Amino acid sequence: GCLRLEQTNFPGAIDYLTTYTTSHPKDFNAFLLLGRARLNLALEHSGPDKTRQLQLDNARLDFEYAEKLHSTAEGCNSLGMIAVLRRSPGPESVKTSVSFFKLALKLDPHYPPALLNLAIVLQTYLNEPREALEKYREYLALQPVPPQAKEVEKLAHQLDLGLRIIISPRGAEHPSAAPAAPTNSVLPRQPPAPVEN
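This write-up is about the structure you can find in this document. (Residues numbered from 1 in each chain as written. Predicted model: local features only at pLDDT ≥ 70, side-chain atom pairs only at ≥ 80, totals over all residues. Heavy atoms only, no water.)

**Focus: the overall build of the chain**
Move 1: Within the chain one finds nine helices and zero strands.
Move 2: Along the chain, from the amino end to the carboxyl end, the secondary structure elements read α-α-α-α-α-α-α-α-α.
Move 3: Per-residue burial over the chain gives 41% buried out of 197 residues.
Move 4: A total accessible area of about 11500 Å² is found for the chain, and carbon and sulfur atoms account for 55% of it. (Helix = DSSP H or I, 4+ residues; strand = E, 2+ residues; numbered from the N terminus. Buried < 20%, exposed > 50% of the residue type's maximum accessible area, 1.4 Å probe, protein only. Areas by Shrake-Rupley, 256 points an atom, 1.4 Å probe, with all protein chains shown as cover.)

**Examining the nonpolar core**
Move 1: If you look at the biggest cluster of nonpolar residues, it comprises 39 residues, and the most contacted ones within it are Leu39, Phe63 and Tyr136.
Move 2: Elements supplying a minimum of two residues to this core: helix 3 (28-44), helix 4 (49-69), helix 5 (73-84), helix 6 (91-107), helix 7 (112-124), helix 8 (129-140) and helix 9 (149-163).
Move 3: Looking at this core, the element that brings in the most residues is helix 7, giving eight residues.
Move 4: In terms of nonpolar packing, the next biggest core, distinct from the first, is built from nine residues, Phe10, Ala13, Leu34 and Ala37 among them. (Core = buried A, V, L, I, M, F, W, Y, C linked by side-chain atoms within 4.5 Å.)

**Re the pattern of salt bridges**
Move 1: All chains considered together, the criterion is met by five salt bridges.
Move 2: Residue lysine 135 pairs with glutamate 138 through a salt bridge whose shortest N-O separation is 3.3 Å. Highlighted residues: lysine 135 and glutamate 138, both in helix 8, separated by three residues, approximately one helical turn.
Move 3: Taking the relative accessible area as the measure of exposure, lysine 135 reaches 18% and is therefore buried.
Move 4: Take glutamate 138: its relative accessible area is 31%, and that puts it in the partly exposed class. (Salt bridge = Lys/Arg side-chain N within 4 Å of Asp/Glu carboxyl O.)

**Section: helix 6**
Move 1: Between its terminal C-alpha atoms helix 6 stretches 24 Å, which fits the 24 Å expected from 17 residues at 1.5 Å a residue.
Move 2: Residues of helix 6 that are buried include every one of Ser93, Val94, Ser97, Val98, Phe101, Ala104 and Leu105, and no others. Projection of helix 6 onto a plane perpendicular to its axis shows the buried side chains occupying an angular sector of 140 degrees, all on one side. In this structure, helix 6 carries Pro91, Glu92, Lys95, Lys102 and Lys106 as exposed residues pointing more than 90 degrees from its buried face. (Expected span 1.5 Å × (residues − 1). Arc of directions from axis to C-beta.)

**Points about helix 9**
Move 1: The end-to-end C-alpha distance of helix 9 is 20 Å, a good match for the 21 Å that 15 residues give at a rise of 1.5 Å each.
Move 2: Residues of helix 9 that are buried: Ala149, Val152, Leu155, Ala156, Leu159, Asp160, Leu161 and Leu163.
Move 3: The inward-facing, buried residues of helix 9 contact helix 7 and helix 8. (Contact = heavy atoms within 4.5 Å.)

**Points about the environment of leucine 79**
Move 1: With respect to the helices and strands, leucine 79 occurs in helix 5.
Move 2: Separated by 20 residues in the primary sequence, leucine 79 and serine 99 place their C-alpha atoms 9.9 Å from one another.
Move 3: Here leucine 79 is in contact with Arg60, Phe63, Glu64, Glu67 and Phe100, once residues within four sequence places are set aside.

**Topic: the packing of helix 5 against helix 6**
Move 1: It is the contact of helix 5 with helix 6, at a shortest axis distance of 8 Å, that shows an interaxial angle of 165 degrees. In terms of orientation, helix 5 lies roughly antiparallel with respect to helix 6. Helix-helix and strand crossings are classified by hand; for helix 5 and helix 6 the assignment is left-handed. Residue-level inspection shows Ala73, Cys76, Asn77, Leu79, Gly80, Met81, Ala83 and Val84 of helix 5 in contact with helix 6, the latter providing Ser93, Thr96, Ser97, Phe100, Phe101, Leu103, Ala104 and Leu107.
Move 2: Looking at the contact of helix 5 with helix 6 residue by residue, the class counts come to eleven nonpolar, five polar and no charged. (Axes fitted to C-alpha atoms, helices over the stretch in contact; angles between N-to-C directions. Parallel < 35°, antiparallel > 145°, perpendicular 65-115°, else oblique. Left-handed = near helix turned anticlockwise from the far one by under 90°. Nonpolar A, V, L, I, M, F, W, Y, C, P; charged D, E, K, R; others polar.)

**Some remarks on the packing of helix 8 against helix 9**
Move 1: Running from N to C, helix 8 and helix 9 point in directions that differ by 145 degrees, and their axes come no closer than 10 Å. In this structure, the crossing between helix 8 and helix 9 has a hand that is left-handed. Note on element contacts: helix 9 touches helix 8 through Ala149, Val152, Glu153, Leu155, Ala156, Leu159, Asp160 and Leu163, opposite Pro129, Arg130, Ala132, Leu133, Tyr136, Arg137, Tyr139 and Leu140.
Move 2: Considered class by class, the residues forming the contact of helix 8 with helix 9 number twelve nonpolar, no polar and four charged.

Written out as C-alpha coordinates, the structure reads:
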(Lines give C-alpha, C1' and ligand atoms only; values in the text may rest on other atoms or scores of the structure.)
Protein backbone atom coordinates (compact mmCIF):
# COMPACT_ATOMS: atom_id res chain seq x y z
CA GLY A 1 0.00 0.00 0.00
CA CYS A 2 2.84 2.41 0.84
CA LEU A 3 4.60 1.60 -2.44
CA ARG A 4 1.41 2.23 -4.42
CA LEU A 5 0.95 5.54 -2.57
CA GLU A 6 4.52 6.60 -3.46
CA GLN A 7 3.85 5.65 -7.09
CA THR A 8 0.68 7.82 -6.99
CA ASN A 9 -1.40 4.74 -7.74
CA PHE A 10 -4.07 5.88 -5.31
CA PRO A 11 -6.74 3.25 -6.13
CA GLY A 12 -4.11 0.49 -5.66
CA ALA A 13 -2.95 2.07 -2.40
CA ILE A 14 -6.54 2.27 -1.16
CA ASP A 15 -7.08 -1.44 -1.91
CA TYR A 16 -3.96 -2.58 -0.05
CA LEU A 17 -4.34 -0.16 2.86
CA THR A 18 -8.02 -1.06 3.30
CA THR A 19 -7.03 -4.73 3.55
CA TYR A 20 -4.31 -3.87 6.05
CA THR A 21 -6.49 -1.66 8.25
CA THR A 22 -9.17 -4.36 8.37
CA SER A 23 -6.71 -6.71 10.07
CA HIS A 24 -4.92 -3.94 12.04
CA PRO A 25 -7.70 -1.64 13.32
CA LYS A 26 -5.48 0.03 15.95
CA ASP A 27 -2.69 1.17 13.59
CA PHE A 28 -3.30 4.92 13.35
CA ASN A 29 -0.46 5.33 10.82
CA ALA A 30 -2.24 2.97 8.43
CA PHE A 31 -5.42 5.04 8.70
CA LEU A 32 -3.41 8.22 8.04
CA LEU A 33 -1.96 6.61 4.91
CA LEU A 34 -5.39 5.40 3.78
CA GLY A 35 -6.84 8.87 4.33
CA ARG A 36 -3.93 10.40 2.41
CA ALA A 37 -4.53 8.03 -0.53
CA ARG A 38 -8.25 8.87 -0.61
CA LEU A 39 -7.59 12.61 -0.28
CA ASN A 40 -5.06 12.53 -3.13
CA LEU A 41 -7.48 10.57 -5.29
CA ALA A 42 -10.18 13.17 -4.60
CA LEU A 43 -7.79 16.03 -5.44
CA GLU A 44 -6.79 14.54 -8.77
CA HIS A 45 -10.31 13.38 -9.66
CA SER A 46 -11.69 15.13 -12.71
CA GLY A 47 -14.90 13.11 -13.04
CA PRO A 48 -18.30 13.76 -11.48
CA ASP A 49 -18.31 15.94 -8.39
CA LYS A 50 -20.29 13.24 -6.59
CA THR A 51 -17.35 10.79 -6.84
CA ARG A 52 -14.91 13.43 -5.57
CA GLN A 53 -17.17 14.19 -2.60
CA LEU A 54 -17.40 10.48 -1.80
CA GLN A 55 -13.59 10.22 -1.72
CA LEU A 56 -13.38 13.33 0.49
CA ASP A 57 -15.98 11.87 2.86
CA ASN A 58 -14.12 8.55 3.03
CA ALA A 59 -10.82 10.36 3.64
CA ARG A 60 -12.47 12.38 6.41
CA LEU A 61 -13.67 9.17 8.10
CA ASP A 62 -10.16 7.67 7.90
CA PHE A 63 -8.53 10.77 9.37
CA GLU A 64 -11.18 11.03 12.11
CA TYR A 65 -10.58 7.40 13.08
CA ALA A 66 -6.80 7.95 13.10
CA GLU A 67 -7.36 11.01 15.32
CA LYS A 68 -9.36 8.92 17.79
CA LEU A 69 -6.46 6.48 18.02
CA HIS A 70 -3.71 9.12 18.21
CA SER A 71 -3.90 12.83 17.41
CA THR A 72 -1.32 14.06 14.88
CA ALA A 73 -0.55 17.28 13.04
CA GLU A 74 -1.02 15.47 9.72
CA GLY A 75 -4.47 14.20 10.66
CA CYS A 76 -5.64 17.61 11.90
CA ASN A 77 -4.23 19.39 8.84
CA SER A 78 -5.94 16.91 6.52
CA LEU A 79 -9.28 17.31 8.31
CA GLY A 80 -8.90 21.08 7.95
CA MET A 81 -8.25 20.69 4.22
CA ILE A 82 -11.28 18.47 3.76
CA ALA A 83 -13.49 20.98 5.58
CA VAL A 84 -12.45 23.77 3.22
CA LEU A 85 -12.50 21.60 0.06
CA ARG A 86 -16.23 21.00 0.25
CA ARG A 87 -18.27 22.03 -2.77
CA SER A 88 -18.97 25.49 -1.42
CA PRO A 89 -17.47 25.92 2.02
CA GLY A 90 -19.68 28.08 4.20
CA PRO A 91 -18.69 29.98 7.34
CA GLU A 92 -18.97 26.87 9.52
CA SER A 93 -16.68 24.83 7.25
CA VAL A 94 -14.12 27.62 7.18
CA LYS A 95 -14.29 27.99 10.97
CA THR A 96 -13.84 24.23 11.33
CA SER A 97 -10.84 24.24 9.00
CA VAL A 98 -9.17 27.04 10.97
CA SER A 99 -9.68 25.16 14.24
CA PHE A 100 -8.12 22.01 12.73
CA PHE A 101 -5.12 23.94 11.36
CA LYS A 102 -4.61 25.59 14.76
CA LEU A 103 -4.85 22.21 16.49
CA ALA A 104 -2.25 20.81 14.09
CA LEU A 105 0.04 23.71 15.00
CA LYS A 106 -0.58 23.11 18.68
CA LEU A 107 0.59 19.51 18.19
CA ASP A 108 3.56 20.61 16.04
CA PRO A 109 4.19 24.40 15.96
CA HIS A 110 6.49 24.06 12.94
CA TYR A 111 4.31 21.85 10.74
CA PRO A 112 4.65 23.49 7.28
CA PRO A 113 1.37 22.36 5.64
CA ALA A 114 -0.76 23.59 8.57
CA LEU A 115 1.03 26.97 8.69
CA LEU A 116 0.57 27.49 4.97
CA ASN A 117 -3.04 26.27 4.93
CA LEU A 118 -3.95 28.52 7.85
CA ALA A 119 -2.42 31.51 6.03
CA ILE A 120 -4.32 30.68 2.84
CA VAL A 121 -7.65 30.35 4.65
CA LEU A 122 -7.06 33.56 6.62
CA GLN A 123 -6.37 35.45 3.39
CA THR A 124 -8.83 33.83 1.02
CA TYR A 125 -11.89 33.03 3.11
CA LEU A 126 -11.66 35.25 6.18
CA ASN A 127 -10.16 38.39 4.59
CA GLU A 128 -7.57 38.77 7.35
CA PRO A 129 -4.49 39.79 5.36
CA ARG A 130 -2.34 40.89 8.32
CA GLU A 131 -2.79 37.57 10.14
CA ALA A 132 -2.23 35.72 6.86
CA LEU A 133 1.01 37.62 6.25
CA GLU A 134 2.20 36.73 9.75
CA LYS A 135 1.59 33.02 9.03
CA TYR A 136 3.29 33.25 5.62
CA ARG A 137 6.33 34.76 7.35
CA GLU A 138 6.35 31.99 9.96
CA TYR A 139 6.21 29.46 7.10
CA LEU A 140 9.13 31.15 5.32
CA ALA A 141 11.21 31.16 8.53
CA LEU A 142 11.03 27.37 8.89
CA GLN A 143 14.18 25.29 8.62
CA PRO A 144 14.74 23.36 6.47
CA VAL A 145 13.26 25.59 3.79
CA PRO A 146 9.67 24.42 3.04
CA PRO A 147 8.78 23.11 -0.44
CA GLN A 148 6.62 26.04 -1.63
CA ALA A 149 8.91 28.75 -0.20
CA LYS A 150 9.53 30.57 -3.52
CA GLU A 151 5.83 30.87 -4.37
CA VAL A 152 4.91 31.84 -0.81
CA GLU A 153 7.69 34.45 -0.71
CA LYS A 154 6.25 36.11 -3.83
CA LEU A 155 2.74 35.94 -2.40
CA ALA A 156 3.84 37.36 0.98
CA HIS A 157 5.70 40.17 -0.77
CA GLN A 158 2.62 41.05 -2.82
CA LEU A 159 0.41 40.92 0.27
CA ASP A 160 2.88 43.06 2.23
CA LEU A 161 2.89 45.70 -0.52
CA GLY A 162 -0.90 45.75 -0.51
CA LEU A 163 -1.00 46.30 3.25
CA ARG A 164 1.47 49.18 3.39
CA ILE A 165 0.01 52.63 3.91
CA ILE A 166 2.37 55.55 3.59
CA ILE A 167 1.04 58.82 4.99
CA SER A 168 2.39 61.91 3.30
CA PRO A 169 3.62 64.80 5.47
CA ARG A 170 1.40 67.87 5.82
CA GLY A 171 1.69 70.33 3.01
CA ALA A 172 3.13 67.82 0.56
CA GLU A 173 1.79 68.40 -2.91
CA HIS A 174 1.99 64.78 -4.02
CA PRO A 175 1.03 62.02 -1.60
CA SER A 176 3.42 59.12 -1.43
CA ALA A 177 2.30 55.73 -2.55
CA ALA A 178 3.47 52.24 -1.82
CA PRO A 179 5.92 51.00 -4.45
CA ALA A 180 4.37 48.96 -7.20
CA ALA A 181 5.36 45.38 -7.84
CA PRO A 182 7.81 45.01 -10.72
CA THR A 183 6.04 44.46 -14.01
CA ASN A 184 8.12 41.42 -14.90
CA SER A 185 7.29 39.58 -11.65
CA VAL A 186 5.06 36.55 -11.78
CA LEU A 187 3.03 37.03 -8.62
CA PRO A 188 -0.14 34.98 -8.22
CA ARG A 189 -3.34 36.98 -8.16
CA GLN A 190 -4.98 34.43 -5.88
CA PRO A 191 -3.41 32.50 -3.02
CA PRO A 192 -2.69 28.86 -3.78
CA ALA A 193 -5.14 26.16 -2.86
CA PRO A 194 -4.61 24.46 0.49
CA VAL A 195 -1.69 22.06 0.49
CA GLU A 196 -1.60 18.52 1.62
CA ASN A 197 1.06 16.97 3.81
